[in-house]
Amino acid sequence: MKAVLLGATSGMGRALSRLLAERGESLFLLGIPADDLSRSAKDLEARGAREVGWLECDLLQPKGFAGALERADQALGGFDLVVVSAGLFGSQERLEADPEFCQKLLAANFANTVAFCEEARKRMLPRGGGTLCVWSSVAGERGRKPVILYGAAKAGLTRYLEGLDHKFRSEGLVTITVKPGFVRTSMTEGLKPPPFAGEPDGVARQVLRALDRGTPVVYAPPIWGLVMLVIRNLPRFVMRRIGF
Amino acid sequence: MERASENFEAATASAALSRGLGRSYGDASLPASPADVVANSRRADRILGFDPGSGVLRAEAGLSLRDLNRVFLRRGWASPVSPGTQYVTLGGMVASDVHGGNHHVAGTFGEHVRSLRMRVADGRVLEVSEQTEPELFRATLGGMGLTGHILEVELKMERIPSAWLYTETRRVADIDDLVETLLESSRRWPMTKTWFDSTQRGPGMGRGFAVMGRWAEAGEAPPQPPLLRERLSVPPLPIGLVNALTVSVFNKLWFHSQSRPRAAIAHPQAFFWPLDGLLHWNRLYGPRGFAQYQCVLPIERDTRVVRRFFAIMTRRGCPSPVSVIKDCGAEGRGLLSFPKPGISIALDVPLRGERTQALVDALNEIVLEAGGRVYMAKDVLTRGTHFRAMEPRLPHFLEVRRKWDPERRLRSALSVRLLGDDV
Ligand SMILES: Cc1cc2nc3c(=O)[nH]c(=O)nc-3n(C[C@H](O)[C@H](O)[C@H](O)COP(=O)(O)OP(=O)(O)OC[C@H]3O[C@@H](n4cnc5c(N)ncnc54)[C@H](O)[C@@H]3O)c2cc1C
C-alpha cells in the first residue's frame, strides 16, 4: 500500500502509521509543524516503512490541500490509501465561550475535512479507486449535551462519508469511517476516562483490520458499537433528561 | 498534576519531575507535593535514528523497552541491559541506571549511553555527554530524575546472533551453594541469576535454583523470531493471595519442580521478563500491596554477612515469592548508580505497617555495616539517615545538583524522603 496520512504524528494516527510501517508500506505524512513531521518520518523509517516523505499541510488552510496531495502523489508514484485522523477538539464549555475557536473547530472538523476528502477522491477514482479512511466520532451519533458543537461537526462528516461510500464503492473507492469512543490520547488528556476507555494501539489494530477487509464503519473500542446502538434508539424525552 | 503529551519537550517546561511508565516500585516517580507538575514521557516514544553499522540508536525518552524489542530483536539487535520488566522507558532506565542479569559483564545501562538531550532546571535544553558536560552526565545516570528532564537518549545497542536464549538451570541446596554457584557460573556465563525460597529456614536456608544464559547461536535457535505475547490480567482481589502459607507452598513446589539440571532454548520473555506475562500481577498481594527492597552486599572473601542477612529475613518472616540474587560487577560511572561488586538481593515485602518498616530497618543495619547500599528505584522504606550513611558519593552528587539546580526546583517524593528536600 502507498498511503497518505493527515494527522499521523499523534494519537491514533501515530499508532496506525506505525502498524503500516511495520508492514513495510510507503508513507507520506501531512500535517504541522515541520519538525514534528520529520521526527515521525524518522520513527516510521526505523520501524520498517519502505519510504517516508512528508510535507507541511494545515487542516485550517484548505487552499493548500490540492498542492499537498499533488506532491504526495509524485513522491509515492500514486497512492491507494488516504487516512485523515487530524482534527480539533474543544469542550462544549470552551466552544460556547469562544466563538472564534468554535468557528475554527467547525471548519476543521467538517468543511475542511470534506474538502480534503474531495481532493483525495478526485485523485483516486480515475485510477480505479483505493481506500479513504477518516476519523469521525461517536459524538456525531446523537445530539448530546456534553458535545453539541463538536458532535454536530462530526455528525455532518459521518453523513458525508456514508454517502461517499454508497456512491463510489462500486467504482472501487472504499470509504471507512472510524468512530472512536473514549480513547486515551493527548486529545482526551485531563478528561475523566469512562470504564471502557480504549488505547490508541488497540484502535489502530482494529482500523488496520478494517482497511484489509473494507469494513465501512469501525466503532473503537468495539463496545461503543453497542453503547451507540442503545443511544441511537433512546427516545428524545429520555435523551433530554440524561446527562450523557 | 501529571502532563503527558507527544511533545515531551513542551511538557517538561516548569515540571518538577519526569516520569516514565511508573515501574519503579517506590516513590521515585511520585511528586513531592500534589501541586508539582510531573511530565509523563510515555507518549514521546519516537525512534529518531538507528545506524545498523554501529548499532547506535537515538530515541525519545518515552520509548519503551517493549517497543524497542518488538522492532529490533528480529533484526538482530538488543538493548545491552534489560531489567526484569519490559514496561519501562529509556528515560526511566537512564534515571535508574538499571542493571540486568548480565551486570558482571555489561555493567549498567548507563555504560552504553552515548549522549542525552536534557532540559535542566533553569529551562535550557542541552546535549549532555561525557564530552560536553561530564559531571552532569554522570549525575544523571542513576540520578532518579533529579538533575533534569531527559528528552532523548542515544545508546549503543548489542548485536545478537539470534533473538532466543540458550539457558541452563540448576538447583542449589543452600545459601553457600547458592553464592558459590553464582560466582562460579558468572565466570563462564554472560547472564546469571538465582531464585531462592525466602521462607525456608534452618539447614536448607537459601535453597533455590540458578539460571545461566546467553543469546543462542543462529544454528541452535528456532528459525522464526519469538513472538512477544500479550498479557493475562489478574483481577482486583479482595484479599491477598500472597501470604506466608501460600508462598511457602508455592516455593516448595517450585523448588521440587526443578529437580534435574536442564538445558533449554528459552523465549526472551520467559528469561528476562517472567512477570510481564501477568498484567497487574501485583494485585495478587491484595489491596494492601507490597514494596520491593533491593540491596547489594559486598562479600569479598566471606559470605557470613549474607547468612546474617538471610537469618534476619527468614526469622522476621518475609514471604516473598520473587526473590532474586545476582552478582554484581564493577561500579558504574553514574554518581549514584546502584550496583557495586558483591551480591545483590531483591525481595518483595508485603506491606504490613510497622512490622515491615522494622524489617527494612534491620536489613539496612546489616547493609550499612557490610558497606553495601540500597536501590532507590525499588525502595520506599529506607530512612534518610540510613541512606546518607550508605552513600559516600552523595556529597559529590549534591554538589553537582547544587550547581545545576540551586533552588532545587526538581524534586520527588523520594528526594524529600532520602535527600531532605522541602515539600
Ligand atoms: C517487575 C519489575 C522488575 C524489575 N527488574 C529490575 C531489574 O532487574 N534491574 C533494575 O535495575 N531495575 C528493575 N526494575 C526497576 C525498573 O527497571 C526501574 O524502576 C525503571 O527505572 C522504571 O522505568 P520507568 O520508565 O517505569 O520509570 P519511572 O518508574 O516512571 O521513573 C523512575 C525514575 O526515573 C525518573 N525518570 C523517568 N523518566 C525520566 C525522564 N524522561 N527524565 C528524567 N527522569 C526520568 C523518574 O523521575 C524516577 O526517578 C524492575 C521493576 C519491575 C516492576
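The following refers to the structure shown. Quick caveat: nothing in here was measured; it's all calculated off a predicted structure.

Rules used in this analysis
- Along each chain, residue indices are assigned from 1 in the same order as the chain's sequence is written.
- Starting at A for chains and at 1 for ligands, labels are handed out in the order in which the entities are written.
- The predicted origin of the model limits local features to residues at a pLDDT of at least 70 and limits the giving and counting of side-chain atom pairs to 80 or more, whereas totals for whole chains, interfaces and linings rest on all residues.
- Heavy atoms from the whole structure form the basis of all side-chain values; hydrogens and water molecules are not counted.
- At least two bridges found by DSSP between two strands is the condition for calling them paired.
- By definition, any uninterrupted DSSP run of H or I lasting at least four residues is a helix, any uninterrupted run of E lasting at least two residues is a strand, and each is numbered from the N terminus.
- In this description, contact between two residues means that some pair of their heavy atoms is separated by no more than 4.5 Å.
- Each axis is a line fitted through C-alpha atoms, and for a helix only the stretch in contact is used; angles between axes span 0 to 180 degrees, taken between their N-to-C directions.
- Residues enter patches when they are more than 30% accessible in relative terms and free of salt bridges; like-charged ones are connected within 9 Å and nonpolar ones (Val, Leu, Ile, Met, Phe, Trp, Tyr) within 5 Å.
- What sets the accessible areas is the Shrake-Rupley method with a 1.4 Å probe; for residues, cover comes only from the shown protein chains.
- Salt bridge, as used here: a side-chain nitrogen of Lys or Arg that lies within 4 Å of a carboxyl oxygen of Asp or Glu.
- Throughout this description, buried means an accessible area under 20% of the type-specific maximum (1.4 Å probe, protein chains only), exposed means over 50%, and partly exposed covers the range between.
- The term polar contact refers here to a pair of N or O atoms within 3.5 Å; inside protein, the definition further demands a hydrogen-donor-capable atom paired with an acceptor-capable atom, and it admits residues adjacent in sequence only when both atoms are side-chain atoms.
- Being near a molecule or strand, for a residue, comes down to having at least one heavy atom within 4 Å of it.
- Note on angle classes: values under 35 degrees are labelled roughly parallel, values over 145 roughly antiparallel, values of 65 to 115 roughly perpendicular, and the remainder oblique.
- Less than a right angle of anticlockwise turn of the near helix away from the far helix marks a crossing as left-handed, whereas a clockwise turn marks it as right-handed.
- Aromatic pairs are defined between Phe, Tyr and Trp rings, using the six-membered ring for Trp, whenever the two ring centres lie within 6.5 Å; interplanar angles under 30 degrees are classed as stacked, those over 60 as edge-to-face, and all others as tilted.
- The criterion is that NZ of a Lys, or CZ of an Arg, lies within 6 Å of the ring centre and within 35 degrees of the ring normal, and then a charge sits over that ring.
- Values labelled buried area give the accessible surface lost by two parts on being combined, using a 1.4 Å probe and summing over both.
- Each residue gets one of three labels, nonpolar for Ala, Val, Leu, Ile, Met, Phe, Trp, Tyr, Cys and Pro, charged for Asp, Glu, Lys and Arg, and polar for the others, Gly among them.

### A look at the sheet that holds strand β17 (residues 290–297) of chain B
Residues and elements named next belong to chain B.
So, point 1. Read across the sheet, eight strands follow the order β15-β11-β13-β12-β18-β19-β17-β20 without closing on themselves; strand pairing throughout is antiparallel. Of all the strands in the sheet, just β15 (262–266) and β20 (373–374) have a single pairing partner and so form its edges.
So, point 2. Bridge count for β17 against β20 is two bridges, and the pairing is antiparallel. Of the residues in β20, the one forming a bridge with C295 is V374.
So, point 3. Sheet strands in contact with helix α6 (residues 175–186) are β11 (165–172), β12 (191–196), β13 (208–215), β18 (324–328) and β19 (342–350), and its direction is about 170° off that of β12.

### Remarks on a nonpolar patch on the surface
So, point 1. On the surface, F196(A), I223(A), L226(A) and L229(A) cluster together into a nonpolar patch covering about 350 Å² of accessible area.
So, point 2. Within the secondary structure, L229(A) is located in helix α8 (residues 223–233).

### Focus: the side chain of T188(A)
All names here are of chain A.
So, point 1. Checked against the element boundaries, T188 lands in the loop between β6 (173–180) and α7 (200–213).
So, point 2. Judged by its relative accessible area of 15%, T188 is buried.
So, point 3. Only 3.1 Å separates the side chain of T188 from the backbone nitrogen of T185, close enough to count as a polar contact.
So, point 4. Dropping the residues within four chain positions of it, T188 is found in contact with F182 and V183.

### Some remarks on the site of the ligand
All names here are of chain B.
So, point 1. Close to the ligand lie 34 residues; S18, R23, S24, T89 and Y375 are nearest.
So, point 2. A28 is positioned such that a nitrogen or oxygen atom in its backbone is 3.1 Å from an oxygen atom of the ligand.
So, point 3. Here an oxygen atom of the ligand and a backbone polar atom of M144 are 3.0 Å apart.
So, point 4. Across the complex, the protein chains shield 95% of the 960 Å² of accessible surface that the ligand would expose by itself.
So, point 5. Those elements that provide at least two residues to the shell around the ligand are β2 (17–19), α3 (90–95) and β9 (149–156).

### Observations regarding the packing of helix α3 (residues 65–76) of chain A against helix α5 (residues 99–124) of chain A
Between two packed helices, both the angle of their axes relative to each other and the distance between the axes serve to describe the pair.
Residues and elements named next belong to chain A.
So, point 1. Viewed as axis vectors pointing N to C, α3 and α5 meet at an angle of 40°, and their least axial separation amounts to 10 Å. With respect to each other, α3 and α5 are oriented oblique. Judged by the sense of rotation from one axis to the other, the crossing of α3 with α5 is right-handed. Facing α3, whose interface residues are F65, A66, L69, E70 and D73, α5 presents N112, A115, F116, E119, A120 and R123.

### Let's talk about the packing of aromatic side chains
We describe a pair of aromatic rings using the distance from one ring centre to the other and the angle between the two ring planes.
So, point 1. In the structure shown here, the tally under the stated rule is 11 aromatic pairs over all chains.
So, point 2. Considering the side-chain rings of F271(B) and F272(B), the 5.1 Å spacing of their centres and the 80° angle between planes classify their relative orientation as edge-to-face.
So, point 3. The class of F271(B) is buried, set by a relative accessible area of 11%.
So, point 4. Ring centres of F272(B) and W273(B) lie 5.2 Å apart, and the angle between their planes is 40°; on these two criteria the pair is classed as tilted.
So, point 5. For F272(B), a relative accessible area of 11% gives the class buried.
So, point 6. A cation sits over an aromatic face here: R94(A) above F101(A), 3.7 Å from the ring centre.
So, point 7. One cation-aromatic arrangement involves R127(A) over F79(A); the distance from NZ or CZ to the ring centre is 5.0 Å.

### Points about the sheet that holds strand β3 (residues 51–56) of chain A
Residues and elements named next belong to chain A.
So, point 1. With parallel pairing, the seven strands of this open sheet are ordered in space as β3-β2-β1-β4-β5-β6-β7. Two strands in the sheet have a free side with no partner beyond their single neighbour: β3 and β7 (217–220). Strand-to-strand twist of the sheet, defined as the mean angle between neighbouring strand axes without regard to direction, takes the value 15°.
So, point 2. Across four bridges, the pairing between strand β1 (residues 2–6) and strand β4 (residues 81–84) is parallel. Opposite A3, over in β4, you have L81 as the bridge partner.
So, point 3. Each of β1, β2 (26–31), β4, β5 (130–135) and β6 is contacted by α5, which is oriented at about 170° to β5, the strand it contacts most.

### Observations regarding the interface of chain A and chain B
So, point 1. Listed per partner, the contact involves 18 residues of chain A and 17 residues of chain B.
So, point 2. When chain A packs against chain B, the two sides together hide about 1,500 Å² of surface, and 33% of this comes from carbon and sulfur.
So, point 3. Broken down residue by residue, the surface that chain A buries against chain B is led by R14(A), R39(A) and R47(A), which jointly contribute 38%.
So, point 4. At the boundary of chain A with chain B, the tally comes to nine salt bridges.
So, point 5. For E60(B), the salt bridge goes to R39(A), with nearest N and O atoms at 2.9 Å.
So, point 6. Where chain A meets chain B, there are 15 residue pairs in polar contact (both at pLDDT 80 or more).
So, point 7. Those elements that place two or more of their residues in the side of chain A that touches chain B are α1 (11–22) and α2 (34–46) of chain A.
So, point 8. At six residues, the largest contribution of residues to the side of chain A that touches chain B is made by α2(A).
So, point 9. Classifying every residue of the side of chain A that touches chain B by side-chain character gives one nonpolar, seven polar and 10 charged.

### Re the pattern of salt bridges
Oppositely charged side chains are able to pair whenever their charged atoms sit close together.
So, point 1. Tallied over the full model, the rule gives 52 salt bridges over all chains.
So, point 2. The closest approach of N and O atoms between R18(A) and D67(B), which form a salt bridge, is 4.0 Å. On the criterion of chain membership, the pair formed by R18(A) in helix α1 and D67(B) in helix α2 (residues 65–72) is interchain, its members lying in two chains.
So, point 3. By relative accessible area, R18(A) is classed as buried at 9%.
So, point 4. In this structure D67(B) comes out as buried when scored by relative accessible area, which is 11%.
So, point 5. Ionic pairing is found between R159(A) and E162(A), a salt bridge with its closest N-O pair at 2.9 Å.

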